[in-house]
Amino acid sequence: MDIIEIINKKRLGKILSEEELKFVIKGYLNDEIKDYQMSSLLMAIVLNGMTDHEIIALTKFMLESGEQLDLSKLGNIVDKHSTGGVGDKTTMIVAPIVASCGVKVAKMSGRGLGHTGGTIDKLESIPGFQVNISTDNFLKQVQEIGIAIVSQTNNLVPADKKIYALRDVTGTVESIPLIASSIMSKKIACGTKKLVIDIKVGKGALIKNLKDAKKLAKLMIQIGKANNMEVVCLLTNMDIPLGNNIGNALEVKESIDVLKNQKCGNLTTLCIELSCYMVSLGLNISYDEAKEKILESLKNGRAYQKFLEFVHYQKGNLEELPESKFHYEIKSKESGYLASIDALSLGKLSMHLGAGRLSLKDKIDYGAGIVIAKNIGEYIEKEDILMHLYTCKELNPKEISTEAFSINKEKPKQVELVYQVIK
Ligand code: URA
C-alpha cells in the first residue's frame, strides 16, 4: 500500500477501505508515515469528510493502538465527557454527585490547551492531589469509594495522542469525523459501556453551531452502538462561560459551593441535568427518579462528603488552595442590563492571566483566573465591578477591555442552557 495513493484518493473525495485506514494508523505510529504526509491526509479528511463506515473503522484502529481497560467487574459504571468550554468544571461536581447516588465513576481526563481548561489541571491545583495513578490502583479506588479521576495513561489510544498533537498545529482540529473518532476511541478504551457526552455549542466551544453539534452527536451515538456502548448526548450553550469562576483553583472553590448546595445558576442547573442522565443510565431508572436522588444527595450533604472522600483518597489538601499575588477589579463603563458574556474572550483573558497554557510545556499559575461578579439579566450601574482578576502578573486594570460584557438598555431574555438531548 502507498500513502501517496491514499492521500490522493481522499483528496478526490473517495472512500478509504478498512485496510487503508489500518495501514495509515499503523504506519503513522511506527513513523513509516511522516508528519507531513499525515497532515496532508488529515486536511483532505477535513475538506472531504468520511462516511460513517470509514469513521467507525478509523475509531476501531485508533482504539486498537493501545491498552483497553475492562471495567466489567466493577458493577454500575457511567462515564462522562465534555467537548470543552470556558469555566467547565462539571466533572468535579457531577462525578461525586453521581457516585453518591450509587453509580460508580471511573474517569480518565485530559489537560487543558488554549482557552478551554482541563479537569486534570483543575484537580492538580489542589496541593498534593495525585493524578498519575497506576491502572491497578485506579480500579482499586473505584471499587472502594466509587469514584476516581486520573490522568490518561500514555498507553491509552497512543494513535490519538500523536494525531491530536499534529491536528493542533495544522489547522485540522475542526472536523466532525476526526473529533468523533478521537473522543470515542478514548472513551471506548476506558472500558465504560454507558456514557453521557456534553457537546458544547457556541462562541467558546469547538463546535460553533447546532447543526454540526447534532451531526457529531448522532455520529458518536452510532460509534457507541457499534461498540456495545450506550451514549446520551446533551447539546449545551457555550456562548457564555459556565458559572462565575474561570481558572483552576477558582473553579475548585466554585465546585465546592455547588456541592455544598450553596449556589444556583447555569452551572448548578447543568450539573444536575448531566447527573440525571448519568444516574438514570447507571441505575436503569427514570429521569425523574434520578433527579429526586440527586437533589436529596445535594441537600443532605452526601454529594459533598463524596467529593471530600475522593480528594483525600487522591491525597489532595483543600485547606491550602493556591492564590495569585495580585487582585484587580474591573469596572463597568456604562449602565444597563447584562445581556451576554463572551466565553471565548474571557477564556483567552484567563489564559493570559496565567490560568492556561498555549503549549503543553507552559507552566500554569493555579491561583490565576477570573471571577465574574454579575449574572446575565442583572442591572449594572456604571462603575459596578464586572469581574475580579487574579494573577501573578502586574497589570493596569484600566487597560483591560470590558467588551466581553454586552450591556443593553432592555432586559434580555433568559439564556437557553440545554438545547437538545439526543439518545
Ligand atoms: N476532544 C478530543 O478528545 N478530541 C478532539 O478531536 C476534540 C476534542
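For the structure itself, look to the data block above.
How each quantity is defined
- Residues numbered from 1 in each chain as written.
- Predicted model: local features only at pLDDT ≥ 70, side-chain atom pairs only at ≥ 80, totals over all residues.
- Heavy atoms only, no water.
- Buried < 20%, exposed > 50% of the residue type's maximum accessible area, 1.4 Å probe, protein only.
- Helix = DSSP H or I, 4+ residues; strand = E, 2+ residues; numbered from the N terminus.
- Pairing = 2+ DSSP bridges.
- Near = heavy atom within 4 Å.
- Polar contact = N/O pair within 3.5 Å; in protein donor to acceptor, adjacent residues only side chain to side chain.
- Areas by Shrake-Rupley, 256 points an atom, 1.4 Å probe, with all protein chains shown as cover.
- Nonpolar A, V, L, I, M, F, W, Y, C, P; charged D, E, K, R; others polar.

A. Molecular detail of the pairing of strand E4 (residues 194-201). The element E4 is largely enclosed, with a buried count of 8 among its 8 residues. Of the two faces of E4, both are covered, the one formed by Lys194, Val196, Asp198 and Lys200 as well as the one formed by Leu195, Ile197, Ile199 and Val201. Pairing of strand E1 (residues 79-82) with E4 involves 4 bridges; the strand directions are parallel. The residue of E4 that forms the bridge with Ser82 is Asp198. Pairing analysis gives 8 bridges linking E4 to strand E5 (residues 230-237), with the strands arranged parallel. By the bridge assignment, Ile199 is partnered in E5 with Leu235.

B. Main features of the site of the ligand. Inspection of the region around the ligand gives Tyr164, Arg167, Ile179, Ser182, Ile183, Lys186 and Leu206 as its neighbouring residues. A distance of 2.8 Å separates an oxygen atom of the ligand from a polar side-chain atom of Arg167. Within the side chain of Ser182, an N or O atom sits 2.6 Å from a nitrogen atom of the ligand. A total of 230 Å² of accessible area belongs to the ligand in isolation, and the protein chains cover 89% of it. Examining the composition of the shell around the ligand, we find that 4 residues originate from one element, helix H9 (residues 176-189), more than from any other. For the shell around the ligand, the residue count by class is 4 nonpolar, 1 polar and 2 charged.

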